[in-house]
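Residue-level structural notes
Letter by letter, the chains look like this.
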Amino acid sequence: PRSDCVMAEQLCLSDSTCNATYRILENCALAKTRLLPLDHDSRVRCLNAEFDLGNSSLLHCKCHRRMKRQEHCLRVFWTVHSSVTDGYFNLETSPYENPANEEHWKTDYNKLAALVSGEICSQLAGDATNPCLKETHVCNLSKKCVRLRTDYASICTRGAGSEDVCDQRKCHKGLRNFFEKVPEDFTKRILFCPCQDEFCGERRRKTIVPDCSFQSNTKPNCLELLDSCLEDHICKSRLADFQQNCQPTDMSPDGCSLHNYAACLQAYMGLIGTPMTPNYVSNSSVEVSLWCTCESSGNQKEKCDQILGMFENNKCL
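Analysis parameters
- What you see as residue numbers is a count from 1 along each chain, following the sequence as written.
- This being a predicted model, a pLDDT of at least 70 is required before a residue's local features are given, and a value of 80 or more before pairs of side-chain atoms are given or counted; all residues contribute to the totals for chains, interfaces and linings.
- As a rule here, side-chain values cover all heavy atoms of the structure and leave hydrogens and water aside.
- UniProt positions are given in the numbering used here, feature names are shortened, and annotations may be inferred rather than shown by experiment.
- Strands are runs of DSSP state E lasting at least 2 residues, helices are runs of H or I lasting at least 4, and numbering of each runs from the N terminus.
- Only protein chains enter the calculation, and the probe is 1.4 Å; a residue is then buried if its accessible area is under 20% of its type maximum, exposed if over 50%, and partly exposed in between.
- The criterion used for residue contact is that any of the two residues' heavy atoms lie within 4.5 Å.
- Residue-level accessible areas treat just the shown protein chains as cover; the underlying method is Shrake-Rupley with a 1.4 Å probe.
- Only the contacting stretch of a helix is used when fitting its axis, a line to C-alpha atoms as for every element, and angles between N-to-C directions run 0 to 180 degrees.
- By the definition adopted for this analysis, an angle is roughly parallel if under 35 degrees, roughly antiparallel if over 145, roughly perpendicular if from 65 to 115, and oblique otherwise.
- Residues enter patches when they are more than 30% accessible in relative terms and free of salt bridges; like-charged ones are connected within 9 Å and nonpolar ones (Val, Leu, Ile, Met, Phe, Trp, Tyr) within 5 Å.
- By convention in these notes, a salt bridge is any Lys or Arg side-chain nitrogen within 4 Å of a carboxyl oxygen on Asp or Glu.
- Only four residue types enter the tally: Lys and Arg on the positive side, Asp and Glu on the negative side; His and the chain ends are excluded.
- Positions of charges follow a simple convention, taking NZ of Lys, CZ of Arg, CG of Asp or CD of Glu.

Labelled according to an unreviewed UniProt entry, the chain appears under the name GFRA4 protein, originating from Xiphorhynchus elegans. Word for word, the UniProt comment on the chain under Subcellular location (unreviewed entry) is "Cell membrane". Word for word, the UniProt comment on the chain under Sequence similarities (unreviewed entry) is "Belongs to the GDNFR family."

With that settled, the discussion passes to the overall build of the chain. Scanning the chain from terminus to terminus reveals 17 helices and two strands. Counting all 317 residues of the chain, 47% fall into the buried class. In the chain, the share of contacts with a sequence separation of at least 24, taken over all contacts with a separation of at least 6, comes to 73%. Accessible surface, the chain as shown: approximately 16,900 Å² in total, 51% of it carbon and sulfur.

On to the packing of helix 8 (residues 131-140) against helix 12 (residues 198-205). Where helix 8 contacts helix 12, the axes come no closer than 8 Å and their chain directions differ by 45°. Accordingly, the angle class assigned to the pair helix 8 and helix 12 is oblique. Residues Pro131, Cys132, Leu133 and Thr136 of helix 8 pack against Cys200, Arg203 and Arg204 of helix 12.

Attention shifts here to a positive patch on the surface. A cluster of basic side chains, namely Arg66, Lys144, Arg147, Lys173 and Lys181, defines a positive patch on the protein surface. Position of Arg66 relative to the elements: it lies in the loop between helix 3 (40-52) and helix 4 (70-80). Classification of Arg66 as partly exposed rests on a relative accessible area of 41%.

What follows deals with the pattern of salt bridges. Applying the stated criterion across every chain yields a total of eight salt bridges. With a closest N to O distance of 3.0 Å, Glu202 and Lys206 form a salt bridge. Note on Glu202: relative accessible area 23%, which makes it partly exposed. Residue Lys206 is classed as partly exposed on the basis of its relative accessible area, which comes to 41%. Connected through salt bridges with shared partners, the residues Glu9, Arg23, Glu26 and Arg75 form a single ionic network.

Printed below as a string of structure tokens:
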């Protein structure tokens, strides 16, 4: 089995040869993060260092979505794989272990109903016309769910109605805490609840507080979002995971290369709370998008359209 990258790094640093090779890769990754151009000799040295790792556990390590030292683990992963991070469309770069399987996501609703008293059960049954409101009530029955949901809502709505602008970075962090720490039995039901009317759709669209976390007064270029994402280990990792698990293809009858919609939805959820936070675009549909535009993209218009199309025209989603 693959080791996680934190453990693999510790093993490598205890070996003098591996340690020296890893230090070279750290310098390579640092130069890339700071957008410093590498000369030919430096690029060769970086590639040779990655090759020298051979079949070491460091080269094949992975990270887990809910691990405690996730940022550290991801930093190690991208240090070792710095040569393969050019461009967006590279299918082999997800640092995460074991994408979600279908059975894990087919959670029996009885598990949640068991938390509910008879009185509240009848109350929930009355919310049949608004499934998203019902899922909010279910979240309120879990101390962790309601606490973390209240935390990010208060951060993301701070400044509403005044001249103050909310702190989007803190808002995103609160969202990530909610989606990472609350069991998926709750989070996926709140985010993907089915709606038949706009009142329900409005509640679903505002699950992630779009005025702060999603949209701004003007739409930035999608390439700007991509650049800011690639500078952040978490966002880059979530984007790679999304790209791998939601990769569309015309060669398949269902239009999805991995045929695993559960893994795709989990990867989609992972992007919430990053610079590339997606959301529903209206109250009356399940269409999702990034808050960005491809106008004024110059000779990178095709690349920009591909990024936006991964959300707007993705059959896997």
